[in-house]
Amino acid sequence: MKSSWWKILTIALLAYTLIAGLLLDVPRLPILNETIRALYFHVTMWFGMIIMLVVAVIYSIKYLKSNDLRHDDVAIEFTNSAILFGVLGIVTGMLWARYTWGDYWSGDPKQNASAIGLLMYFAYLILRNSLTDVHQRARIGAVYNIFAFAAFIPLIFVLPRLTDSLHPGNGGNPGFNAYDLDSNLRKVFYPAIIAWTLLGTWLSVVRVRLKRVERKIEDKLINQVS
């Protein structure tokens, strides 16, 4: 029970996010109207994605220092979870754009930068899967992961601010915080970030355990053959 408290918290926060995010009152604003609820899903999923990418980078650095494959397990699985949340974030963002900008994809700099960023991480997965040697895959993957993150952050958060953009918080447009005059949005927004991050962590931990079990089975088979 002691080791499961955070899983219970994850379920509780996810339930709260879904129920409160869909049912609680939101500010009635021109153009945005009910679409402002996307804040609880689209934005918070990407916050969770960034946190998971930070964890992946930390463990990539740890692998390069130690050559311990256990660190690589954590790095790759947190990256996988981050990519999942990145895709979900783009999909929910497209739905929001359809009702506020009039189209799912309008070629906005923020949209384009997000797509490029995800493509960089898809390339990371392809690169890893193209390598057969376990340690070579982990080493090259770790280096790629570090440089991809270093490019991803300015691509997502800096470059769109330097050009015209329809996206809130970019191109001179106010961020969502400008609309939360009574702080009601924050009551769901911050728990949602924690909820999605914990869910991503849960998925990553399960996949790390599976990967390590598979490696133990493979090692036993190799020892039996030799």
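Residues numbered from 1 in each chain as written. Predicted model: local features only at pLDDT ≥ 70, side-chain atom pairs only at ≥ 80, totals over all residues. Heavy atoms only, no water.

**With respect to the UniProt feature "transmembrane region" (unreviewed entry) in the chain**
Thought 1: Feature annotation in UniProt places "transmembrane region" (unreviewed entry) on residues 39–61, 82–101, 113–131, 143–162 and 188–206, given in this structure's numbering.
Thought 2: Secondary structure across residues 113–131 divides into 89% helix and 0% strand, with the first and last C-alpha atoms of the span separated by 28 Å.
Thought 3: Helix makes up 80% of residues 143–162 and strand 0%, with an end-to-end C-alpha separation of 28 Å. (UniProt positions renumbered as here; feature names shortened; annotations may be inferred. Helix = DSSP H or I, 4+ residues; strand = E, 2+ residues; numbered from the N terminus.)

**Some points on the environment of Leu22**
Thought 1: Relative to the helices and strands, Leu22 is located in helix H1 (residues 5–23).
Thought 2: Residues Leu22 and Arg37, spaced 15 residues apart in sequence, show a C-alpha to C-alpha distance of 7.0 Å.
Thought 3: What Leu22 contacts, discounting residues up to four positions off in sequence, is Thr17, Arg37 and Phe41. (Contact = heavy atoms within 4.5 Å.)

**Looking at the packing of aromatic side chains**
Thought 1: One pass over the full model with this rule turns up eight aromatic pairs.
Thought 2: When the centroid spacing of 6.2 Å and the interplanar angle of 25° are considered together, the rings of Trp46 and Phe152 count as stacked. Of this pair, Trp46 sits in helix H2 (residues 42–66) while Phe152 is found in helix H5 (residues 134–158), placing the two residues 106 residues apart along the sequence. With respect to class, Trp46 is no different from Phe152; both count as buried. (Phe/Tyr/Trp six-rings, centres within 6.5 Å; stacked < 30°, edge-to-face > 60°. Buried < 20%, exposed > 50% of the residue type's maximum accessible area, 1.4 Å probe, protein only.)

**Concerning H5**
Thought 1: With 25 residues, H5 ought to run about 36 Å at 1.5 Å a step, and its terminal C-alpha atoms sit 35 Å apart, in line with that.
Thought 2: Those residues of H5 lying buried are Ala138, Gly141, Ala142, Asn145, Ala148, Phe149, Phe152, Leu155 and Ile156.
Thought 3: Check the buried side of H5 and you find it contacts H2, helix H3 (69–100) and helix H4 (109–129).
Thought 4: Looking at where H5 begins, the residue whose side-chain oxygen comes 3.2 Å from the main-chain nitrogen of His135 is Asp133. (Expected span 1.5 Å × (residues − 1). Polar contact = N/O pair within 3.5 Å; in protein donor to acceptor, adjacent residues only side chain to side chain.)

**Regarding the nonpolar core**
Thought 1: The biggest cluster of nonpolar side chains holds 44 residues, and the ones touching the most others in it are Tyr40, Met49, Leu53, Tyr121, Phe152 and Trp196.
Thought 2: Looking at this core, the elements with two or more residues in it are H1, H2, H3, H4, H5 and helix H6 (186–225).
Thought 3: Here this core gets nine residues from one element, more than from any other, and that element is H2. (Core = buried A, V, L, I, M, F, W, Y, C linked by side-chain atoms within 4.5 Å.)

**What to know about the packing of H2 against H6**
Thought 1: For the pair H2 and H6, the least separation of the axes is 8 Å and the interaxial angle reads 45°. In terms of their interaxial angle, H2 and H6 are classed as oblique. Judged by the sense of rotation from one axis to the other, the crossing of H2 with H6 is right-handed. Across from Val43, Thr44, Met45, Phe47, Gly48, Ile51 and Met52 in H2, the residues of H6 making contact are Phe189, Ala192, Ile193, Trp196, Thr197, Gly200 and Thr201.
Thought 2: Of the residues belonging to the contact of H2 with H6, the class tally is nine nonpolar, five polar and no charged. (Axes fitted to C-alpha atoms, helices over the stretch in contact; angles between N-to-C directions. Parallel < 35°, antiparallel > 145°, perpendicular 65-115°, else oblique. Left-handed = near helix turned anticlockwise from the far one by under 90°. Nonpolar A, V, L, I, M, F, W, Y, C, P; charged D, E, K, R; others polar.)

**Section: the packing of H1 against H6**
Thought 1: The N-to-C vectors of H1 and H6 enclose an angle of 135°; their axes lie 8 Å apart at closest approach. By the angle between their directions, the pair H1 and H6 is classed as oblique. Crossing of H1 against H6: the hand is left-handed. Only Lys187, Val188, Pro191, Ala192, Ile194, Ala195, Trp196, Leu198, Leu199, Thr201, Trp202 and Arg209 of H6 make contact with H1, whose side of the interface consists of Trp6, Lys7, Leu9, Thr10, Ile11, Leu13, Leu14, Tyr16, Thr17, Ala20 and Gly21.
Thought 2: Taken together, the residues of the contact of H1 with H6 break down into 16 nonpolar, four polar and three charged.

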